[in-house]
Structures are given as structure tokens and as C-alpha cells.
Amino acid sequence: MIQEVVAVRNLKKSFKGFQAVKDVSFAVHRNDVFGFLGPNGAGKSTSLRCMLSLIKEDSGEISLFGKSMQSSRREVLSKIGSIIEKPDFYKYLSAYKNLELLARISGTSVSKSAINDILEFVGLEGRENHRFRTFSHGMKQRLGIAQALMHNPELIVLDEPTTGLDPQGIVDIRNLILKLSQEQGKTVILSSHQLSEIEMIANRMVIINKGKTLIEGSVNELLNTSQMVVRFQLDDAHRAMKLLQSDFQIQAKSSELKQELELEIDKMRIADVAECFVKNGLRIYSIEQKRKLEDYFIKITQDL
Amino acid sequence: MLLKNTINELIKIIAKPRSYIGFGALTLLIGVILLAMKADGKSFISFVTASFEETLSFNGEILNGNLMAFIILQMLIIHVPLLVALVTGDLVSGEAAMGTLRMMATKPISRSAILGSKLLAGAIYTFLLTLWMAFMAYGVGQWMFGAGDLIVLNNDGLVIIPGDDILWRYLYGFGLAYLALLAIASMSICFSVFSDNSIGPIVSTMSVIILFTIIGSLDVASFHSIQPFLLTTHMSAWRSLFEMPVPGPAIINSIYILLAHIVAFTLIALWKFNRKDINT
């Protein structure tokens with residue numbers, strides 16, 4: 001039986017007249033790496049802040065581990081490790097001291113060796129006594145992950161953890177998340193504005209935009225859908241359009257200026273269409289294919 | 001959890017450079033006053049007592065450690081609130097600005113415990129600052145100038161307090177000064193809850209003290225009804241301990257009013273902090 005670790009229903013939150021979250025709903029199952037996807041300003045961080053009781057929602061239901069935050073706040077938060085927006089620590093304290101301070105209020109007993117182990121796990125061994133203000137952005141992110149993990153939480157919430165990292169840092173964080181999920185069985189919520197990032201590590205996801213949930217489901221189902229958006233570039237778009245209508249009963253958008261044709265089609269039929277064009281003497285210069293969801297996500301991102 | 005986080009708060013206060021500004025400033029200010037009085041104090045005392053010398057003859061050393069502590073306490077009680085607010089006004093808003101309040105609020109600790117631990121840590125810091133002021137003003141003063149009878153000039157005239165009747169007055173006096181500074185600390189923490197930057201609460205606290213001091217000193221009929229309830233009116237309650245006889249009911253009234261301020265500011269801060277959206 002699928003166990004819901006997080007259930008958010010019809011979440012709404014506004015700030016001084018501006019409605020940041022209008023209607024967000026999603027559910028995270030145990031052991032999910034759950035992608036929380038949306039363009040910048042979509043309401044991702046606000047939703048996560050509501051989920052972790054940093055801000056009070058105007059309406060809606062939030063349930064974590066089957067309990068409400070209002071009635072079981074301490075119990076629920078002791079099972080969660082999180083980084084919201086960016087990891088901020090006391091600049092005048094060392095990495096170790098920062099973790100020690102947060103460990104003291106983490107709800108569980110965290111030993112000194114556990115702090116050292118987690119620093120080693122995130123690759124900060126040897127830097128534990130350095131002050132936070134001397135850390136690079138990547139090291140700050142690693143320390144943020146260390147504080148999220150040190151009390152061995154069941155749910156890890158990471159809000160855009162790869163923002164500002166160099167390519168190697170992004171790969172490291174991605175591998176770390178996969179390791180947490182696959183080797184330690186953690187449930188991870190990963191917010192991002194990059195579909196490619198979610199696609200690489202998440203098994204389920206939700207897309208939100210302008211404060212509303214647009215779509216939720218399995219990443220495989222949503223992204224590997226057989227329905228594709230295909231763009232043909234050829235020598236006579238007008239004739240190709242007629243062929244599509246007569247032979248395949250497919251409507252397409254054409255641009256005679258660019259000699260382009262864009263159509264929605266099942267991926268199994270792309271070869272048939274191409275063959276038909278060639279047989280009828282059309283010259284194909286390129287075939288570009290995009291998944292419908294990817295196109296959709298790019299479109300909502302560009303609309304902003 | 002309250003105790004654990006109070007330890008955290010104290011560690012943060014100890015590690016923050018600004019926490020030492022108060023101690024440094026007190027050491028410097030009191031040191032300068034003591035050294036100046038050591039160098040030229042006799043002429044200063046002669047100037048002050050000149051008008052009494054026709055009717056009174058003074059035997060013994062008027063310029064002694066007890067007088068120095070009195071002068072210093074009187075001079076600094078208006079300035080020390082700034083040193084207290086520098087640290088306590090930053091306790092919540094500084095963390096909001098730094099983003100660490102967000103980190104803390106996602107841990108399994110209640111908002112009330114977070115604020116309660118900050119209030120406790122602020123109270124301990126204020127106590128240590130008062131203790132340092134007492135050590136510098138009374139302890140170092142006694143060491144540099146020695147003991148002796150205390151001559152105090154107040155509204156009723158000249159009061160002479162024998163040297164063996166003074167120590168308890170200073171103990172209670174610094175206790176009252178601490179209570180007044182605690183009221184200032186709770187006010188600046190309360191302002192700190194409403195703000196997301198460090199400067200606002202510190203400036204607001206000092207503005208309120210200046211405003212209340214002006215209202216308290218103006219002889220305007222419409223202010224008379226509020227003057228007895230102003231925090232600043234009771235900040236100098238310690239002076240009453242150096243009157244003969246000591247006005248017990250007036251001092252108890254001051255204690256009640258200072259405590260009422262502390263309770264009121266604490267309750268407002270708790271109310272707001274439990275509803276505060278942490279957006280930084």
C-alpha cells in the first residue's frame with residue numbers, strides 16, 4: 001500500500017494582496033524522489049514554507065506523516081531535514097559549531113562523531129573548524145545538506161539545491177540525492193525550475209505555475225508519453241501540410257516563410273510521415289522532436 | 001528545549017563581536033571618568049561644595065569610591081540602554097536578516113521556546129553588563145579612591161550616608177538598575193520581533209527612550225497623568241536608595257511598573273512571534 005508522507009490540498013497563501021499560492025495540491029509517497037517543478041516565482045518556495053510552518057497558509061490542508069503540523073509540529077519536524085531557498089548559517093561560527101547548535105535543537109541526540117561523519121559524508125572533512133564566512137557557495141550548500149541530514153530524518157526537503165553551483169557541484173548534489181534515496185530509503189522533495197534536473201533524479205513530480213498545480217504524476221508517465229511535438233523543416237511546407245491532411249488526417253501548424261511544419265503526433269508514426277514526404281518528392285532538411293510536456297513546460301516558462 | 005536553545009543563544013552572543021562593544025565602552029567610559037577624577041577630582045569637588053563651605057565644614061575624604069560609583073551610575077544609566085539594545089535588539093531581527101531564523105524555525109522547537117530562550121539569553125547578557133558596570137564603578141572606584149562616607153546632593157538638600165551604611169544600597173541600586181535595563185532589553189527584543197533588520201529595533205528603542213525622557217521632563221499638564229507610568233521615569237529609581245529615609249513604597253511602585261513593562265513587552269513579542277511569517 002502506498003503511504004503518503006506529505007499531502008497538500010488546495011493550499012492558498014497571499015501577502016499584502018498578492019496571491020503567491022492560489023491552489024496547490026500534491027502528494028508525496030514514501031521513498032519518492034519528488035520533483036517540485038515550476039518557473040521562478042511559481043510559488044514553490046512559498047508552498048514549501050507553508051509545509052514547514054515557516055509561514056501560515058490562508059487556507060488548505062497540509063498533512064505530514066499523516067499528522068497536521070498544528071497538532072504535532074515537534075514530532076513532524078523532528079522527521080524532516082530541509083534547506084529552504086539557501087543554506088544560511090552563523091557567519092562568525094565554524095562549520096562544526098553551526099551543526100552543533102542546530103543538532104542541539106534537532107529533537108534527537110546527535111553525537112560529536114555523528115556530526116563529524118556527516119561532514120565527511122558531504123565532503124567537508126578538514127574544513128569543520130573553518131568559519132562559515134570563508135566558505136564558497138558549493139561548500140555552503142554541502143553544509144546545508146549536512147544540517148538537513150545529521151538527525152537522520154525520514155523526509156528531506158531541498159529547495160533548489162543546485163542553484164549557483166558549478167557543473168561538478170550539480171553532479172555531486174544529484175548523486176548525493178540518488179544515494180540518499182536508493183541506499184538509505186529517504187523520501188526527498190526536490191524543488192527546481194529545471195525540467196532536466198527533475199527528469200534525471202525524480203520518480204514523481206508536480207508542475208506548478210502562477211500559484212496553481214498544473215499536473216502531477218510519475219515522471220516516466222509524464223515525460224515518456226508517446227505523444228510528441230515534431231517540427232519538420234522541408235522544401236515545401238504547403239504541400240507537406242496537404243499530404244498530412246489527406247494521408248494522415250493530421251492538422252499541423254505551418255510556417256511557409258521558414259518552410260516549417262509543427263504537428264502533434266504519436267512517436268510511432270513519425271517514420272511513416274517522413275517516408276510519405278520523401279515518396280512524394282519532398283526534401284526534408286531536419287526533424288526536431290520534443291516531448292509534449294517539455295514543450296508545455298517551456299511554454300509556461302516563456303509566458304512569464 | 002528552552003534550556004538547550006538558551007545555551008545556543010549564549011554561544012552566539014559570546015561569539016559575536018558586537019557583544020563586546022558594551023563591555024569595552026563601559027570599561028573605557030568608566031576608566032576615563034575615574035582617571036579624570038583621580039587627576040583633577042579635588043578641584044571638581046571643591047567647586048560643587050563651595051556653596052556649602054560657609055555653613056558646613058567637611059572632614060575626611062569626600063572624593064572616595066562610594067561617591068565615584070554614585071556619579072558614574074548617574075551618568076551612565078541613560079547611556080547603557082544603547083549598549084543593551086545593541087545586542088538584544090539584534091537577537092531576532094539579526095537572525096531574520098541573516099536567514100538563520102528560517103533554519104532554526106524548521107527544527108522541532110516551538111516558536112515560544114525560540115523567543116523564550118532569546119529573552120533568557122538577553123537577560124543574562126544584561127545581567128553581566130550590569131555586573132561589569134558595578135565592578136568598574138564600585139569595585140575599581142573603591143580600589144582607586146578608597147571607602148568613606150557618601151555625600152549626595154538631591155532635591156531635599158545634602159544627604160550624608162555613613163560609609164558602613166552604603167554597600168547594601170549599592171547592591172539594591174544595581175539590582176534596580178538591572179531591572180530597568182531588563183525592561184529596555186525586553187522592549188528591544190519586542191521591537192526586534194517586528195523587524196527583519198538589525199538597525200530598526202536598536203534605533204526604535206533609543207527613540208522611545210529619548211521620547212519618554214522628554215515627555216517625563218516636560219512640565220505639561222497633559223503629560224502629568226502618564227509620567228508616573230513611563231519606563232524612563234523609573235530608570236532612576238535606584239537614586240531613591242540614597243535618600244534618608246529610603247522611600248520604600250516609591251521603590252516598590254517602581255519595581256512593579258518596571259516588571260509590568262517587562263511582562264507586557266514579553267507578551268506582545270510572544271504573540272507576534274508565534275504569528276510571524278518567516279519570509280527571509
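Residues numbered from 1 in each chain as written. Chains lettered and ligands numbered in written order. Predicted model: local features only at pLDDT ≥ 70, side-chain atom pairs only at ≥ 80, totals over all residues.

### With respect to the overall build of chain B
- Of the regular secondary structure elements, chain B holds 11 helices and 2 strands.
- The order of helices and strands in chain B, counted from the N terminus, is α-α-α-α-α-α-α-β-β-α-α-α-α.
- A principal-axis box enclosing the C-alpha atoms of chain B has dimensions of 70 × 45 × 25 Å.
- Within chain B, buried positions represent 40% of all 280 residues.
- For chain B, the proportion of contacts with a sequence separation of at least 24, taken over those separated by at least 6, is 79%. (Helix = DSSP H or I, 4+ residues; strand = E, 2+ residues; numbered from the N terminus. Buried ≥ 20, exposed ≤ 12 C-beta atoms within 10 Å, placed from the backbone. Contact = placed C-beta atoms within 7 Å.)

### Examining the overall build of chain A
- Looking only at helices and strands, chain A features 11 helices and 14 strands.
- Seen through its principal axes, chain A has C-alpha atoms that stretch 75 × 45 × 40 Å.
- For chain A, the residues scored as buried account for 38% of the 304 residues in total.
- Taking the intrachain contacts of chain A between residues at least 6 apart in sequence as the baseline, contacts between residues at least 24 apart amount to 70%.

### Comments concerning the pairing of strand E13 (residues 260–266) of chain A
Residues and elements named next belong to chain A.
- Pairing geometry for strand E11 (residues 227–234) and E13, over 7 bridges, is antiparallel. Each bridged residue has a counterpart across the sheet, and for Val230 the counterpart in E13 is Leu263.
- With 4 bridges joining them, strand E12 (residues 252–255) and E13 adopt antiparallel strand pairing. Paired with Ser254 across the strands is Leu261, a residue of E13. (Pairing = 2+ DSSP bridges.)

### Thoughts on the nonpolar core
- Residues Leu190 of chain A together with Ala137 of chain B are the most contacted members of the largest nonpolar core, which totals 137 residues.
- Looking at which element gives the most residues to this core, the answer is helix H8 (residues 167–193) of chain B, with 17 residues.
- Dropping the residues within four chain positions of it, Ala137 of chain B is found in contact with Ile30, Met68, Ala69, Ile72 and Leu73 of chain B.
- By size, the runner-up hydrophobic cluster in this structure holds 9 residues, among which are Ala237, Ala240, Val273 and Phe277 of chain A. (Core = buried A, V, L, I, M, F, W, Y, C linked by C-beta atoms within 7 Å.)

### Notes on the packing of helix H7 (residues 111–145) of chain B against helix H11 (residues 248–273) of chain B
Residue and element names in this part refer to chain B.
- Packing of H7 against H11 leaves a shortest axis separation of 9 Å and a crossing angle of 145 degrees. The element H7 and its partner H11 pack so that their crossing is right-handed. Only Thr266, Ala269, Leu270 and Phe273 of H11 make contact with H7, whose side of the interface consists of Arg111, Ser112, Leu115 and Leu119.
- A class-by-class count of the residues in the contact of H7 with H11 yields 5 nonpolar, 2 polar and 1 charged. (Axes fitted to C-alpha atoms, helices over the stretch in contact; angles between N-to-C directions. Left-handed = near helix turned anticlockwise from the far one by under 90°. Nonpolar A, V, L, I, M, F, W, Y, C, P; charged D, E, K, R; others polar.)

### Section: the confidence of the model for chain B
Residues and elements named next belong to chain B.
- Across chain B, the average pLDDT comes to 88, with 97% of residues at or above 70.
- Ranking the helices and strands of chain B by mean pLDDT puts H11 first, with 94, and strand E1 (residues 150–154) last, with 79.
- We note a pTM of 0.83 for the whole complex and an ipTM of 0.80 for its interfaces. (pLDDT = per-residue confidence, 0-100.)

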